[in-house]
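# Residue-level structure breakdown
The primary structure of each chain is shown beneath.
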Amino acid sequence: MPEGHTLHRLARLHQKRYAGGPVAVSSPQGRFTDAAAVDGAVLRRASAWGKHLFHHYAHGPVVHVHLGLYGVFTEWERTEGEPVPEPVGQVRMRMVGAEYGTDLRGATVCEVLDAGQVDDVIARLGPDPLRADADPAWPWARISKSRRPIGALLMDQTVMAGVGNVYRSELLFRHHIDPYRPGQKISEAEFAAAWTDLVALMKVGLRRGKIVVVRPEHDHGAPSYAPGRPRTYVYRRAGDPCRVCGETVRTAVLEGRNVFWCPNCQS
């Protein structure tokens, strides 16, 4: 599932390419039945909150997208004087501007909301570490009173918006915290350090388009878990030796999602 930095990158890209002019919006697949409500309207701005993307149109409607596990935007450049390309596959939403187009496939949510409904979506989310107005006091208040494992709390979008499985596992490793430690057993100093680190890591992800978490002194040895991906400390490295201590990395299912950790470094 794309994590928060991916949605912020998409918001910036769509803001740059489409905002300020009319956008042709359609649903070749036919499932985005509200496409006509924004077709031909001027896109005022694009924004993101956690894993949610919003396209704000000048006359009021807002397109809300949640990519889920499999959603993806495919961007393409228009060639002057040539027709736009035919959709390929199950395109839920197509946006076409003056110079660019984008096709959305596989999203969990693609809908038109009004301003009040957008507020309702955001009200259900915790603060987004990539937003300037994010207040860490909110997640700390929830975490410090909870008996749930910290590894579950970090993935709870009502506590903190935008954190996914990679950032969750890697952040806890970087701060030597067992993912099964209850939230109420996390010290305020530990949380403050982790929050500061998370903001910095997600800003790197936003800038580079990749989740970069391994410190330079550890960025060697065994390759990444997948081609073209930066190395990780523990994510998808179950059974491999820890990059720091050599202990075998473990994995388990925690509230429906695989979590990865080093039993020595995070004891």
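Reading the values: the criteria
- Residues numbered from 1 in each chain as written.
- Predicted model: local features only at pLDDT ≥ 70, side-chain atom pairs only at ≥ 80, totals over all residues.
- Heavy atoms only, no water.
- Axes fitted to C-alpha atoms, helices over the stretch in contact; angles between N-to-C directions.
- Helix = DSSP H or I, 4+ residues; strand = E, 2+ residues; numbered from the N terminus.
- Parallel < 35°, antiparallel > 145°, perpendicular 65-115°, else oblique.
- Left-handed = near helix turned anticlockwise from the far one by under 90°.
- Contact = heavy atoms within 4.5 Å.
- Nonpolar A, V, L, I, M, F, W, Y, C, P; charged D, E, K, R; others polar.
- Buried < 20%, exposed > 50% of the residue type's maximum accessible area, 1.4 Å probe, protein only.
- Arc of directions from axis to C-beta.
- Phe/Tyr/Trp six-rings, centres within 6.5 Å; stacked < 30°, edge-to-face > 60°.
- Lys NZ or Arg CZ within 6 Å of the ring centre and 35° of its normal.
- Pairing = 2+ DSSP bridges.
- Patch = residues over 30% accessible without salt bridge, like charges linked within 9 Å, V, L, I, M, F, W, Y side chains within 5 Å.
- Areas by Shrake-Rupley, 256 points an atom, 1.4 Å probe, with all protein chains shown as cover.
- Salt bridge = Lys/Arg side-chain N within 4 Å of Asp/Glu carboxyl O.

### Section: the packing of helix α3 (residues 137-144) against helix α6 (residues 188-208)
Closest axis-to-axis distance for the α3/α6 pair is 11 Å, and the angle between their directions is 140°. Regarding the angle of α3 to α6, the classification is oblique. Of the two elements, α3 crosses α6, and the hand of that crossing is right-handed. For the pair α3 and α6, contact is made by P139, W140 and I143 and by E188, F191 and W195, respectively. Residue composition of the contact of α3 with α6, by class: 5 nonpolar, no polar and 1 charged.

### Let's talk about α3
For α3, every residue scored as buried is listed here: P139, W140 and I143. One side of α3 holds all its buried residues, which, seen down the axis, span an arc of 100°. Of the surrounding elements, those touching the buried residues of α3 are α4 (150-153) and α6.

### Examining the packing of aromatic side chains
If you walk through the whole model with that rule in mind, you get 6 aromatic pairs. An aromatic cluster of three or more residues is present, and its members are W140, F191 and W195. The ring of Y100 carries the charged tip of R17 above its face, separated from the ring centre by 3.9 Å.

### Digging into the sheet that holds strand β7 (residues 100-105)
The strand order β1-β6-β7-β5 describes an open sheet built from 4 strands, whose pairing is antiparallel. Here the strands that pair on one side only, and so sit at the sheet edges, are β1 (24-26) and β5 (72-77). On average, adjacent strands in this sheet sit at an angle of 15° to one another, irrespective of strand direction. Relative to β7, β5 runs antiparallel, the two being bridged by 6 bridges. Residue F73 lies in a different strand from β7, and its bridge partner there is L104. Set on the sheet, helix α1 (residues 4-18) makes contact with β5, β6 (91-96) and β7; between it and β5 the angle comes to about 30°.

### Observations concerning a nonpolar patch on the surface
A cluster of nonpolar side chains, contributed by M1, L69 and Y70, occupies part of the molecular surface with about 360 Å² of accessible area. Following the sequence through the fold, L69 ends up in the loop between β4 (62-66) and β5.

### Describing the packing of α1 against α6
Helix-helix packing: each pair is described by the crossing angle between the helix axes and the interaxial distance. At a minimum axis distance of 8 Å, the contact between α1 and α6 shows a crossing angle of 45°. The pairing of α1 with α6 is recorded here as oblique in orientation. Regarding α1 and α6, the two cross each other, and that crossing is right-handed. Across the interface between the two elements, G4, H5, H8, R9 and R12 of α1 pack against M202, G205, L206, R207 and R208 of α6.

### Quick look at the side chain of H5
Tracing the sequence through the fold places H5 in helix α1. On the basis of relative accessible area, H5 is assigned to the buried category, the value being 4%. Among all residues touching H5, those that are not within four sequence positions of it are L130, Y167, M202, G205, L206, G209, K210 and I211.

### Side note on the sheet that holds strand β2 (residues 43-49)
The 4 strands are arranged β2-β3-β4-β8 in an open sheet whose pairing can be described as antiparallel. Among the strands making up the open sheet, the edge pair consists of β2 and β8 (109-113). On average, each strand axis in the sheet is inclined to that of its neighbour by 15°, with strand direction left out of account. Across the sheet, helix α2 (residues 115-123) is in contact with β2, β3 (52-57), β4 and β8; its angle to β8 comes to roughly 135°.

### Comments concerning the pattern of salt bridges
Taken as a whole, this structure holds 9 salt bridges when the rule is applied. For R105, the salt bridge is made with D103, and the minimal N-O distance between the two is 4.0 Å. The salt bridge involving R148 is made with D156; its shortest N-O contact spans 2.9 Å. In the salt-bridge network here, residues are joined through shared partners; they are R94, D103 and R105.

### Details of the environment of G209
Note that G209 resides in the loop between α6 and β9 (250-254). We classify G209 as partly exposed; its relative accessible area is 34%. Put simply, G209 and D197 are 12 residues apart on the chain and 17 Å apart in space, counted from C-alpha to C-alpha. Not counting the four nearest positions on each side in its chain, G209 is found in contact with H5, R9 and V204.

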